[in-house]
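The residues making up each chain are set out below.
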Amino acid sequence: MNLSGRVVTGSIVLLAGAMAIVVGATEVSLRHDMEASLASSLRAEARIVASALPADSTEWGRAVRRLAGSGGHRITLIDTTGRVRADNEVPDATLPFVENHRTRPEVEAALAGKEGLAERRSVTVAEDLLYVAVRGGPGVVRVAAPYAPVQDTLDRARRAVLWAALLALLAGSVAALIASRSITGPLHRITVAARAIASGHQPVLPVTGIPDVATLVLALRDMHEQLTARFDALRREQARIAAVVESMVEGLIAADARGTVVLANTAARRLLGYPVDAVLPAIDEIFRAKPAREVVAEVRAGGSVTGRELDLEGRTIVASARPLPQGGAVLVLHDLTEVRRLQVMRRDFVANVSHELKTPLTSISGYAETLIADRPGPEVAGRFLQIILDNARRMQRLVDGLLDLSRVESGRWRPVPERLDVASLAREVWDGLGDRIVERGATLALELAPEAESIVTDADALRQVLTNFLDNALRYSPAGSPVTVATSRQDHGIVVSVRDRGPGIPAEHLPRIFERFYRADPSRSRDEGGTGLGLAIVKHLVEAQGGRVWAESRIGEGATVSAWLPDLAAGGDGPGPR
């Protein structure tokens, strides 16, 4: 039962109880007053009868009938032995047969010198009577009056009081209902407001004139304001934590005591190969590799793992894990794949540079020692000096290439755009190859698209691209074969390609020919005097302008190396064609 029902029911019960008490008390009080009034009247009448009786006992019958006729009450004369001597309700002839009244309580009281009073049903007249007896006449004069009028008056009074009580109860119930609704209405609205607060919505608080309810409303309003401030602070803190977690390079995974993953940042999903919006499996099943599952089992058993290196599908991961106090675990995954790759590249770089410098240095020192020790003739000495000079220049080219590569990789190089004619620059670079062209008997062919004959880009960068592309093509081209420079317009830039008719590049080498010191044919490259840095420099120069490079080849059909360069005059700054 709700509060309104309880208030109304309680009010009805209280009112009904109060009305019952009022009705009962009224009836008792009224009965007592009426009985006292009737008894007083009967007592006075009994004294009158006692004083009016004739001395001749034979006249008592007629006297009581005469006196009773004027009052309408029953008058009985009883001697001291209890025998009835006269009664207006009993014929004189039957008086000897009337039951002795000596033991009647009112008679006993009157004989004892007291005023007798009793209420009972008369056997003689078969009616409820109120008896009053006083000392007088032959012994006791008793006057009796019917009790029915008193009872009728009491019944009428009871009915009147009951109707008044019912009306009062009805009015009280209506008043209780109105009062309860005046209380429960605001309480119901307060309940709705509290539910709105719990669901995170703006509550509508009631306005009430009831002081206690108004105090509750004020307390609820203060609670809402405090909760809102605390939730805002909590959301800001959660946002900061989420931003920190999402910005972590390391992958972070948190699971509860049941093993359900409750947190996984973007780095962790990327490492494990799960989409950002995917629901992750339990932490016991999130890893496929056995060593990683062992780490999870160990930390789930309450242990800690620090810096354990794992191989996850070709990636080198360092995992650290800690159990949580309330159960569950936190895993941190640090991807060292790129670090390991850079370490390998650094070792390879040092080894390659050392190797590239070792050969010319060995030649230089060997021929210099020969010149000092043997002092050969002018012709031999000149040849030795030329070899020393060629190796020194080779070393110079290697150092220059390394410096150029370092400058581009460090970001210190910035393109200086200008409009360039591709055909003129290609011929200029080709002519600069000089004796090698004559030695090879090669020719230059131009296949320039009309819309790609010029481009706005850095002159040195395009010159470096064409120099390395043409130098490599000339190095691998058969004698007397043409080397073709082609251009085409794609997106907001042009593609510059150099095609030769050499032996081609095996497919497994194509993705790596732009790496520093990488050679598909190492022995031939060194014989030709290449440093192994040209294409790497080209790659970095092109990518620094937002372009890209690639190579295509079929064994026995030559190779084509291409660079997509954005036209800086056209606003090209995205990746080129793929």
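Let me begin by describing the structure that accompanies this report. (Residues numbered from 1 in each chain as written. Predicted model: local features only at pLDDT ≥ 70, side-chain atom pairs only at ≥ 80, totals over all residues. Heavy atoms only, no water.)

1. Digging into the nonpolar core
Inference 1: Counting 40 residues, the largest nonpolar core has W430, L462, L466, F469, L470 and V498 as its most contacted members.
Inference 2: Elements with a contribution of two residues or more to this core: α10 (422-432), α12 (459-476), β14 (482-490), β15 (493-499), α14 (534-544), β16 (548-553) and β17 (559-566).
Inference 3: Sorting elements by how many residues they give to this core places α12 first, with 8 residues.
Inference 4: Beyond its immediate sequence surroundings of up to four residues, W430 is in contact with I437, A442, T443, L444, L470, L474 and V483.
Inference 5: Grouped together as the second largest cluster of nonpolar side chains are 25 residues, L272, V305, A319 and L331 included. (Core = buried A, V, L, I, M, F, W, Y, C linked by side-chain atoms within 4.5 Å. Buried < 20%, exposed > 50% of the residue type's maximum accessible area, 1.4 Å probe, protein only. Helix = DSSP H or I, 4+ residues; strand = E, 2+ residues; numbered from the N terminus. Contact = heavy atoms within 4.5 Å.)

2. Quick notes on the sheet that holds strand β12 (residues 443-448)
Note on sheets: strands pair through backbone hydrogen bonds, and any given pair is parallel or antiparallel.
Inference 1: What the 5 strands build is an open sheet, ordered β12-β14-β15-β17-β16; its pairing is mixed. Here the strands that pair on one side only, and so sit at the sheet edges, are β12 and β16. Between one strand axis and the next, the sheet turns by 20 degrees as a mean value, whatever way the strands run.
Inference 2: Relative to β17, β15 runs antiparallel, the two being bridged by 7 bridges. Among the inter-strand pairings, I494 is bridged to a residue of β17, identified as L565. (Pairing = 2+ DSSP bridges. Axes fitted to C-alpha atoms, helices over the stretch in contact; angles between N-to-C directions.)

3. A short note on the packing of α10 against α12
Inference 1: Between α10 and α12, the shortest axis-to-axis distance is 9 Å and the interhelical angle comes to 50 degrees. Between α10 and α12, the angle falls in the class oblique. Classified by chirality, the crossing of α12 by α10 is right-handed. Side by side, α10 and α12 meet where L425, A426, E428, V429 and W430 of the first sit next to A459, L462, R463, L466, T467, L470 and L474 of the second.
Inference 2: Taken together, the residues of the contact of α10 with α12 break down into 9 nonpolar, 1 polar and 2 charged. (Parallel < 35°, antiparallel > 145°, perpendicular 65-115°, else oblique. Left-handed = near helix turned anticlockwise from the far one by under 90°. Nonpolar A, V, L, I, M, F, W, Y, C, P; charged D, E, K, R; others polar.)

4. Considering the pairing of strand β13 (residues 454-458)
Inference 1: With 4 of 5 residues buried, β13 is to be regarded as a mostly interior element.
Inference 2: Pairing analysis gives 5 bridges linking strand β11 (residues 417-421) to β13, with the strands arranged antiparallel. Among the inter-strand pairings, E418 is bridged to a residue of β13, identified as T457.

5. Re the sheet that holds strand β10 (residues 329-335)
Inference 1: Strand order in this open sheet of 5 strands is β7-β6-β10-β9-β8, and the pairing throughout is antiparallel. Pairing within the sheet leaves two strands with one partner each, and these edge strands are β7 (261-264) and β8 (305-312). Averaged over all adjacent pairs, the angle separating strand axes in this sheet is 20 degrees, with direction ignored.
Inference 2: Inspection of the sheet shows strand β6 (residues 251-255) paired to β10 by 5 bridges, in the antiparallel sense. When the sheet's bridge partners are listed, A254 is paired in β10 with V330.
Inference 3: Lying over the sheet, helix α7 (residues 290-300) contacts β8, β9 (315-323) and β10, oriented at roughly 155 degrees with respect to β8.

6. Let's talk about the environment of E108
Inference 1: With respect to the element layout, E108 can be found in helix α3 (residues 105-111).
Inference 2: Residue E108 is classed as partly exposed on the basis of its relative accessible area of 41%.
Inference 3: With 26 residues separating them along the chain, E108 and G82 place their C-alpha atoms 9.1 Å apart.
Inference 4: When near neighbours in sequence (up to four residues on either side) are disregarded, E108 contacts R102 and T103.

7. Remarks on the pattern of salt bridges
Inference 1: All chains considered together, the criterion is met by 21 salt bridges.
Inference 2: Measuring nitrogen to oxygen at the nearest pair gives 3.5 Å for the salt bridge that ties R104 to E99.
Inference 3: Using a relative accessible area of 17% as the deciding quantity, one classes R104 as buried.
Inference 4: For E99, a relative accessible area of 52% puts it in the exposed group.
Inference 5: The shortest N-O distance in the salt bridge between R463 and D460 comes to 3.3 Å. Taken together, the positions of R463 and D460, both in helix α12 and 3 residues apart, correspond to about one turn of that helix.
Inference 6: Within the structure, one salt-bridge network assembled from shared partners comprises R43, R47 and E115. (Salt bridge = Lys/Arg side-chain N within 4 Å of Asp/Glu carboxyl O.)

8. A word on the packing of α12 against α14
Inference 1: Following both chains from N to C, one finds α12 and α14 inclined at 150 degrees, their axes separated by 9 Å at the closest point. Our classification of the angle between α12 and α14 gives roughly antiparallel. Along this stretch, α12 crosses α14, giving a crossing that reads as left-handed. Residue-level contacts link A461, Q464, V465, N468, F469 and N472 of α12 to G534, L535, I537, V538, L541 and V542 of α14.
Inference 2: When the residues that make up the contact of α12 with α14 are grouped by side-chain class, the tally is 8 nonpolar, 4 polar and no charged.

Honestly, it's all geometry; don't read function into it.
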